[in-house]
Amino acid sequence: MGLLLPSAAIFVVFCLLVWWKGGAARGYAVCLLLGAVLGVGIMKTTGARLAKIQDAYAGKEVALTAEVESTGRAYTAGRVSAVLMVEKVDGEAVRFRVECASLPKCEAGGRIRGRFSLDVPDATQRLDDYADGIALSAEYLSGMLRLGQSESFRARTARLQAALSRALRKGMAENTGGVLAAMVVGDRSHLTSTLRSAYRGAGLSHVLVVSGLHVTIFCGLLDALPHRERERSRAYRRMRSVLRAGTALLLVGITGATPSVLRAAVAVWVSSLGVWVGGPADTLTSLGAAGVLMCLGNGYAVYDVGFELSFAAVMGTLAGAECAGRGRERYYDRKKKRKSRREKPPRAVLLFRRFAGGVWDSLCVSLCASAATFPVLVLRGMSTTVWAVASGVAVLWLVGPMLSFGLGAALLGLAAQNFESLPLFEIIRRPVAFCAEGLAWLMNEWAFRVSVLPGASLWFDGTYAALVCLVLILLCVMAMRRHIRLRVALPTVILLAALAFGLETALSWNVVNIELVGTRASPAVIITQREKAVVLFRGGSTTRRAVENQLEKRSVKTVELLVDLRMQPEEPCRIEAQKCIEAAALAENTTRRASCGGVDLELFRTRQGCILRMRVGGQRFITLSGTVRPAKPIRAEWLLASSARPDNIRYTDCLTLSSKYRWMEGDAEPVSRLRFRLEGERFSKRAEYDRIK
């Protein structure tokens, strides 16, 4: 919530700039403001509905009957993470979504029944879950029964997605098959964490999501169908528009209505509607229609990072195409002025000019798209990379052929499975799959090699980054108003951006972040400094998932120390770390000390629990697990709170995910993160808190 003010400032400045332009643009500014007011109203309505569900079921153990909408990779063998559409709670008919981080293996499209513990989503993931329509997080307890296959549209398309994914990945390596499955049919469950990190560091994360490019290619296959001149009638065009709209609807169902593919599908539907009513549709109209449609059912949809990145990328792509077109016009104008009596240039020169033109178009589009998505990344606390433009120019041309070969391999593989008596499908599938896998291997190699270069994973403080982006936007507007040449304005803006974020990186070199993530009952603690971290873990699979998501968001490359505070762990914590300490493995009334980086900690094991004291930059922190009753008072500046009662603990301030623990007196506003600077070995007096409402 600390970024609300900078984000609102950027929106207000944008509206004022549109108003300042005058003329018809003032109407657009009014529409933007009215749309913002309407969006706040829709979000309040959605929030009230989610709050009603949480008040009824949060903190309870219930029997759920649900449909498995999607599954993903879990952390233990024989289990999956899943999003469930709940149909019944203790026999009562309901309809809302929950997310379960660890569930006995099942497939999307099936129906299940079992006992679950429901809770409010993790504070660090809450807005993202609300954006996906997820009201609660579920922890599986026992008694899971598989009730067969569901017959809903989403279930049918999910089974089709799984079948296409299996047919596509047949005989392929894990990395290449996982990338193709994610790109072609939207099945991201086979992407390893290493592969995700590599693509994020290379600036290619967006190619792993089914987006507008994919929809355009798939629907464009219908335009390649042979047709005669007499068939180019209104009836033929209407029939083709219906087929395109149906193809887009099928893709929405297969991919689970992700923001990027839904936005592109709405563009296809608006275009198809234009064929029937006789009015052409433009990109901005379809973009606005997609935004309205996606927010009507869920006011929190605008908080989805995929929603924001998709819309920002489209706007950047349009701006890049416009810049590339103007550059070409100026180039040809200069060529006409210099035209002389020279003969026609050789064919090699013409081919080189065409290649240079393609590189120029890719460079403009990649640069503008990266510039448009950069504020979204830094405002959402995600890492970014300086190699996004280079990756866009170098390997994005592979996406089209990969999708074509991948789709062919998936369809031929599915046909080969259903018609085993006809070996022709399998004979054709093998070379097509080989070509798709070869292209995927090339893109993977680029991602792995670029992701280890300096500047591949940069994280910036959100508030500072928002202010810098606001200043850069104002500078760009001033350059446009004063008609400053692009060759002067662009390098200046890039240099100022590099200086600003370089200064922030230098200033944050000794900054330490201490955060609570996971469930309210058993939150984990993450201490990060630069690209290293110390993790104090407790909780279950939901907390483990929150920890790994936060480490990924912070661009942490090394977990130096993992302290498992659980007293009776059902399974080992599988977070990769250089050193691990398990409280359950210590003997009763024993102490274990460790030190790494600027963190010194001491873990004392009792009969029914453990107590951990930690010193960071001269400040003392303390956290408990299980039941601990010290004989003498223990003093610390900060308590890292959990449901464990802090008997005989004397503390000044408290970091907590909840204000309703039983041992608390009164309701306090939860503070889940502390950010401070180390000055030598001392704690800076200026500390910043992020309050989560």
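Above this text you will find the structure in question.
Presented here is an overview of the structure given in this document. (Residues numbered from 1 in each chain as written. Predicted model: local features only at pLDDT ≥ 70, side-chain atom pairs only at ≥ 80, totals over all residues. Heavy atoms only, no water.)

**Observations regarding the pattern of salt bridges**
Then, in step 1: For the structure on display, the rule yields 14 salt bridges.
Then, in step 2: Salt-bridge contacts for glutamate 99 lead to arginine 545; the nearest nitrogen and oxygen are separated by 3.0 Å. Remark: arginine 545 occurs in helix 18 (residues 541-553) and glutamate 99 occurs in strand 3 (residues 92-104); sequence separation between them is 446 residues.
Then, in step 3: By relative accessible area, arginine 545 is classed as partly exposed at 24%. (Salt bridge = Lys/Arg side-chain N within 4 Å of Asp/Glu carboxyl O. Helix = DSSP H or I, 4+ residues; strand = E, 2+ residues; numbered from the N terminus. Buried < 20%, exposed > 50% of the residue type's maximum accessible area, 1.4 Å probe, protein only.)

**A short note on the pairing of strand 2 (residues 79-89)**
Each regular strand carries side chains that alternate between the two faces of the sheet.
Then, in step 1: In terms of residue burial, strand 2 counts as a mostly covered element, since 8 of its 11 residues are buried.
Then, in step 2: Bridge count for strand 1 (residues 61-73) against strand 2 is 9 bridges, and the pairing is antiparallel. By the bridge assignment for strand 2, valine 68 is matched with leucine 84.
Then, in step 3: Note that strand 2 and strand 3 share 9 bridges and pair antiparallel. Across the sheet, methionine 85 pairs through a bridge with arginine 97, a residue of strand 3. (Pairing = 2+ DSSP bridges.)

**Topic: the sheet that holds strand 3**
Each strand in a sheet pairs with its neighbour through backbone hydrogen bonds, running either in the same direction (parallel) or in the opposite one (antiparallel).
Then, in step 1: Taken in spatial order, the 5 strands close into a barrel running 1-2-3-5-4, and their pairing is mixed. Strand-to-strand, the axes of this sheet are offset by a mean angle of 50°, without reference to chain direction.
Then, in step 2: Contacts between helix 4 (residues 153-169) and the sheet are confined to strand 1 and strand 5 (134-149), with strand 1 contributing the most and set at about 40° to the helix. (Axes fitted to C-alpha atoms, helices over the stretch in contact; angles between N-to-C directions. Contact = heavy atoms within 4.5 Å.)

**Concerning the layout of surface pockets**
Then, in step 1: Here the second largest pocket defines a volume of roughly 1300 Å³.
Then, in step 2: Lining of the second largest pocket is provided by 44 residues; of these, Thr519, Ala521, Ser522, Gly539 and Gly540 occupy positions nearest its centre.
Then, in step 3: When contributions to the lining of the second largest pocket are tallied by element, the ones reaching two or more residues are strand 4 (110-119), strand 5, helix 18 and strand 14 (619-626).
Then, in step 4: Considering every element that reaches the lining of the second largest pocket, the biggest residue donor is strand 5, with 5 residues.
Then, in step 5: The residue inventory of the lining of the second largest pocket, partitioned by class, reads 12 nonpolar, 18 polar and 14 charged. (1 Å grid on protein atoms, 1.4 Å probe; cavity = no way out; pocket = protein on both sides within 12 Å on 5 of 7 lines; lining within 4 Å. Points joined across faces, edges and corners; volume = space filled by probe spheres on them. Nonpolar A, V, L, I, M, F, W, Y, C, P; charged D, E, K, R; others polar.)

**Some thoughts on the sheet that holds strand 12 (residues 599-605)**
Then, in step 1: Ordered in space as 11-12-13-14-15-16, the 6 strands form an open sheet in which the pairing is mixed. One side of each edge strand has no neighbouring strand; the edge strands of this open sheet are strand 11 (590-596) and strand 16 (649-655). Averaged over all pairs of adjacent strands, the angle between strand axes in this sheet comes to 30°, irrespective of strand direction.
Then, in step 2: Where strand 15 (residues 634-640) and strand 16 come together, 6 bridges link them in parallel fashion. Looking at the pairing, tryptophan 638 lines up with aspartate 653 of strand 16.

**Concerning the state of the cysteines**
Then, in step 1: Applying the stated criterion across every chain yields a total of 0 disulfides.
Then, in step 2: Sulfur of cysteine 573: no disulfide; nearest cysteine sulfur belongs to cysteine 580 and is 7.1 Å away.
Then, in step 3: Relative accessible area serves as the criterion here: at 14%, cysteine 573 is assigned to the buried category. (Disulfide = S-S within 2.5 Å.)

**Section: the pairing of strand 1**
Then, in step 1: Inspection of the sheet shows strand 1 paired to strand 4 by 7 bridges, in the antiparallel sense. Among the inter-strand pairings, glutamate 61 is bridged to a residue of strand 4, identified as serine 117.

**Structural notes on a nonpolar patch on the surface**
Then, in step 1: A cluster of nonpolar residues, Met239, Val242, Leu243, Leu273, Trp276 and Val277, forms a patch on the protein surface that exposes about 620 Å² of accessible area.
Then, in step 2: Elements represented by at least two residues in the nonpolar patch include exactly helix 8 (234-255) and helix 9 (259-277).
Then, in step 3: On the secondary structure map, tryptophan 276 appears in helix 9. (Patch = residues over 30% accessible without salt bridge, like charges linked within 9 Å, V, L, I, M, F, W, Y side chains within 5 Å. Areas by Shrake-Rupley, 256 points an atom, 1.4 Å probe, with all protein chains shown as cover.)

**Some words on helix 9**
Then, in step 1: With 19 residues, helix 9 should cover 27 Å at 1.5 Å per step; its first-to-last C-alpha distance of 27 Å lies within 8% of that length.
Then, in step 2: Taken residue by residue, helix 9 has Pro259, Ser260, Val261, Leu262, Arg263, Ala264, Ala265, Val266, Val268, Val270, Ser272 and Gly274 as its buried positions. (Expected span 1.5 Å × (residues − 1).)

**A few points about the side chain of aspartate 129**
Then, in step 1: Here aspartate 129 shows up in helix 3 (residues 126-131).
Then, in step 2: For aspartate 129, which is buried and forms no salt bridge, the nearest opposite charge comes from arginine 545, at a distance of 7.4 Å.
Then, in step 3: If near-sequence neighbours (up to four positions away) are discounted, aspartate 129 is found in contact with Glu99, Pro121 and Ile134. (Lys, Arg positive; Asp, Glu negative; His and termini not counted.)

**Side note on the nonpolar core**
Then, in step 1: Core analysis: the largest hydrophobic core is formed by 38 residues, its most contacted members being Val179, Tyr199, Met402 and Met443.
Then, in step 2: Put simply, the parts of the chain that give this core at least two residues each are helix 4, helix 5 (174-185), helix 6 (193-201), helix 14 (399-418) and helix 15 (424-450).
Then, in step 3: Leaving out residues up to four positions away in the same chain, methionine 443 has contacts with Tyr199, Leu204, Val207, Val395, Leu398, Val399 and Met402.
Then, in step 4: By size, the runner-up hydrophobic cluster in this structure holds 31 residues, among which are Met567, Trp638, Leu657 and Val671. (Core = buried A, V, L, I, M, F, W, Y, C linked by side-chain atoms within 4.5 Å.)

**Some remarks on unusual backbone geometry**
Then, in step 1: The backbone of aspartate 90 sits at a positive phi, close to 50°, despite the residue not being glycine.
Then, in step 2: Within the fold, aspartate 90 resides in the loop between strand 2 and strand 3.
Then, in step 3: For aspartate 90, a relative accessible area of 52% corresponds to the exposed category.
Then, in step 4: Positive phi is not limited to glycine here, since asparagine 589 has a value of about 60°.

**So, the packing of helix 5 against helix 15**
Then, in step 1: One way to put it is that helix 5 packs onto helix 15 with a least axis distance of 9 Å and a crossing angle of 100°. Between helix 5 and helix 15, the crossing angle belongs to the class labelled roughly perpendicular. For the pair helix 5 and helix 15, contact is made by Asn175, Thr176, Val179 and Leu180 and by Ala436, Glu437, Ala440, Trp441, Asn444 and Phe448, respectively. (Parallel < 35°, antiparallel > 145°, perpendicular 65-115°, else oblique.)

**Quick word on the environment of tryptophan 663**
Then, in step 1: Note on placement: tryptophan 663 falls in the loop between strand 16 and strand 17 (671-679).
Then, in step 2: Using a relative accessible area of 13% as the deciding quantity, one classes tryptophan 663 as buried.
Then, in step 3: Along the primary structure tryptophan 663 and serine 642 are separated by 21 residues, whereas in three dimensions their C-alpha atoms are 10.0 Å apart.
Then, in step 4: Those residues in contact with tryptophan 663 that sit more than four places away from it in its chain are Leu639, Ala641, Ser642, Ser643, Ala644, Arg645, Pro646 and Tyr651.
Then, in step 5: One polar contact links the side chain of tryptophan 663 to the main-chain carbonyl oxygen of serine 642, over a distance of 3.1 Å. (Polar contact = N/O pair within 3.5 Å; in protein donor to acceptor, adjacent residues only side chain to side chain.)

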